[in-house]
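Take a look at the letters that make up each chain.
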Amino acid sequence: MTYLYSIGEVIVFLALSIFAIVESIVKTFIPNKYKMKSISGEIALVTGGGGGLGRLLSLRLSKLGAIVIVWDINESGIQETVKLVQAAGGTCYGYVCDLCDREDIYKKANIIKEEIGKVTILINNAGVVTGLRLMDTPDKLIIRTMDVNIMSHFWTAKAFLPTMMENNKGHIVSIASLAGQCGVSKLVDYCASKFAAVGFDEALRMELEYEGYDINTTVVCPYFIRSTGMFDDVQSRYVPTLSPNDVADRIITAMRCNEKYAIIPGYMRILLILKWLFPWACSAMFLRGLVRDAAPASQRQSCAATTASDCNVPSKDQNGATIHQQLARRVSSSERKP
């Protein structure tokens with residue numbers, strides 16, 4: 001009987017797998033506009049929203065009718081984001097929050113519940129990068145990288161998931177990186193944190209599905225993004241660095257279509273498959289040729305502006321002129337889209 005039961009399980013598994021494959025193929029031919037869910041009236045929290053990609057995401061969420069909350073350690077950046085969202089006709093609230101501090105995360109989460117309402121969309125966007133060889137990276141900066149890039153995901157999820165589970169509704173978006181799929185020299189701590197972010201998203205999704213919750217999760221793995229203050233000087237060959245506006249658009253589309261994974265650009269999926277098909281020597285040669293140097297100014301201990309406090313090293317400004325000019329062009333209309 002056990003043998004027959006096992007055969008039955010295999011048959012059911014194969015049948016369901018075929019159905020899932022066919023369903024996935026059919027969905028690829030359906031235009032995104034027919035698959036996108038409305039987020040009007042949703043309360044969306046964006047960490048690292050005081051500049052760069054987080055600011056662009058905040059603007060797009062507000063134009064779609066969401067009530068936006070931004071967390072950042074940069075108070076002036078928060079104020080600028082709030083002003084831009086309000087100028088575009090949206091609703092936005094900003095709170096100074098140190099994502100290195102678990103208690104501060106829990107405290108600000110409780111304030112939001114009391115003052116604004118239940119967060120239904122959580123976008124863990126904040127991130128930092130040092131860009132140093134492992135043996136040259138101070139222990140303090142390694143800890144900071146892990147605190148901001150992955151540990152904060154645990155604390156924000158624990159802070160906001162309970163209400164999502166009560167209402168059986170919500171969406172958690174984890175902004176990881178293609179560096180969370182492939183190792184890169186000078187980014188050992190960064191890659192480790194992004195690998196962890198990918199694992200966090202997948203395991204959390206499995207857990208929620210197993211327990212029967214209709215709560216979506218999306219993990220986003222973009223290539224290096226230019227003009228955000230993190231990888232502006234990366235030496236990339238063959239694959240161009242990405243426009244932050246294009247990445248922000250892709251993230252919003254992935255979230256609204258309930259995609260599980262968003263690899264940016266999409267053709268990098270093929271390269272990720274080839275990574276595991278070819279011998280390691282081939283993959284290593286390709287990766288070294290693709291990214292000649294992720295942080296050319298290696299002696300400059302950079303700490304990209306997002307959420308970590310007490311950074312005693314020079315930092316790049318994510319609220320630079322390039323992003324500001326892009327924002328000015330993209331938010332001239334206050335029209336909200338359903």
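Here, every reference points to the structure presented above.
Here's a quick rundown of the structure. The structure displayed is predicted, hence computed values, not measured ones.

**A closer look at the overall build of the chain**
Tallying secondary structure elements over the chain gives ten helices and nine strands in all. Across the 338 residues that make up the chain, the buried fraction comes to 50%. When contacts within the chain are restricted to residue pairs at least 6 apart in sequence, those whose partners lie at least 24 apart make up 73%. A total accessible area of about 16,400 Å² is found for the chain, and carbon and sulfur atoms account for 59% of it.

**Focus on the packing of helix H5 (residues 139-167) against helix H6 (residues 188-210)**
At a closest axis distance of 8 Å, the pairing of H5 and H6 adopts a crossing angle of 15 degrees. Relative to H6, the element H5 lies roughly parallel. Seen along the crossing, H5 lies across H6 with a hand that is right-handed. Contacts from Leu141, Ile142, Thr145, Met146, Asn149, Ile150, His153, Phe154, Ala157 and Leu161 of H5 reach H6 at Asp189, Tyr190, Ala192, Ser193, Lys194, Ala196, Ala197, Phe200, Leu204 and Leu208. Among the residues forming the contact of H5 with H6, the class breakdown is 14 nonpolar, four polar and two charged.

**Description of the sheet that holds strand S3 (residues 91-96)**
Reading across from one edge, S3-S2-S1-S4-S5-S6-S8 is the order of the seven strands in this open sheet, with parallel pairing throughout. Across the chains shown, the open sheet's two edge strands, defined by having one partner strand only, are S3 and strand S8 (261-264). Neighbour to neighbour, the strand axes of the sheet diverge by 15 degrees on average, direction disregarded. Alignment of strand S1 (residues 43-47) against strand S2 (residues 67-72), held across five bridges, turns out to be parallel. In the strand pairing of S2, Leu45 is matched with Ile69.

**A few points about the packing of aromatic side chains**
Taken as a whole, this structure holds six aromatic pairs when the rule is applied. On the numbers, 5.9 Å between centres and 50 degrees between planes, the contact of Trp71 with Phe160 is tilted. One end of the pair, Trp71, is in strand S2; the other, Phe160, is in helix H5, and 89 residues separate them in sequence. Across this residue pair, the class does not change: Trp71 and Phe160 are buried. Put simply, the rings of Tyr190, Tyr223, Phe224 and Phe231 touch in pairs and so form one group of aromatic residues. Over the ring of Trp155 we find Arg102; its NZ or CZ atom is 5.4 Å from the centre of that ring.

**A short note on the pairing of strand S4 (residues 121-124)**
In regular strands, side chains alternate between the two faces of the sheet. The alternating pattern of S4 places Ile121 and Ile123 and Leu122 and Asn124 on opposite faces, both of which are buried. Where S1 lies against S4, three bridges are found, and the strand directions are parallel. Within the sheet, the bridge partner assigned to Leu45 lies in S4 and is Leu122. Across four bridges, S4 lies against strand S5 (residues 171-175) in parallel orientation. From the neighbouring strand, Ile123 faces S5, where its bridge partner is Val173. In this fold, S4 hands off to H5, which returns the chain to S5; that crossover is right-handed.

**Notes on the environment of Ala109**
Take Ala109: it is sitting in helix H4 (residues 102-115). Distance from Ala109 to Phe160, taken between C-alpha atoms, is 7.3 Å for residues 51 residues apart in sequence. In this structure, Ala109 is in contact with Trp71, Ala159 and Phe160, ignoring residues within four places of it in sequence.

**Some thoughts on the environment of Thr163**
Here Thr163 lies in helix H5. A relative accessible area of 11% places Thr163 in the buried class. Between the C-alpha atom of Thr163 and that of Val119, which follows or precedes it by 44 residues, the distance is 7.9 Å. At 3.0 Å, the side chain of Thr163 and the backbone oxygen of Phe160 are in polar contact.

**Some details on helix H7 (residues 244-256)**
The end-to-end C-alpha distance of H7, which contains 13 residues, comes to 18 Å, matching closely the 18 Å that a straight helix rising 1.5 Å per residue would cover. When you tally the buried positions in H7, you get ten out of 13 residues, the bulk of the element. Among all positions of H7, only Pro244, Asn245, Val247, Ala248, Ile251, Ile252, Thr253, Ala254, Met255 and Arg256 are buried. Note on H7: the residue one or two positions beyond its end, Asn258, has a positive phi of about 55 degrees.

**Some thoughts on the pattern of salt bridges**
What the rule picks out here adds up to eight salt bridges. Among the salt bridges present, the one from Asp104 reaches Lys108, with a minimum N-O distance of 3.0 Å. Of this pair, Asp104 and Lys108 both sit in helix H4, four residues apart, which is roughly one turn of that helix. There is no split in this pair, since Asp104 and Lys108 are both buried. Between Glu259 and Arg250 there is a salt bridge; the shortest N-O distance is 2.8 Å.

Rules of the game
Residues numbered from 1 in each chain as written. Predicted model: local features only at pLDDT ≥ 70, side-chain atom pairs only at ≥ 80, totals over all residues. Heavy atoms only, no water. Helix = DSSP H or I, 4+ residues; strand = E, 2+ residues; numbered from the N terminus. Buried < 20%, exposed > 50% of the residue type's maximum accessible area, 1.4 Å probe, protein only. Contact = heavy atoms within 4.5 Å. Areas by Shrake-Rupley, 256 points an atom, 1.4 Å probe, with all protein chains shown as cover. Axes fitted to C-alpha atoms, helices over the stretch in contact; angles between N-to-C directions. Parallel < 35°, antiparallel > 145°, perpendicular 65-115°, else oblique. Left-handed = near helix turned anticlockwise from the far one by under 90°. Nonpolar A, V, L, I, M, F, W, Y, C, P; charged D, E, K, R; others polar. Pairing = 2+ DSSP bridges. Phe/Tyr/Trp six-rings, centres within 6.5 Å; stacked < 30°, edge-to-face > 60°. Lys NZ or Arg CZ within 6 Å of the ring centre and 35° of its normal. Right-handed = clockwise from strand over helix to strand, strands pointing away. Polar contact = N/O pair within 3.5 Å; in protein donor to acceptor, adjacent residues only side chain to side chain. Expected span 1.5 Å × (residues − 1). Salt bridge = Lys/Arg side-chain N within 4 Å of Asp/Glu carboxyl O.

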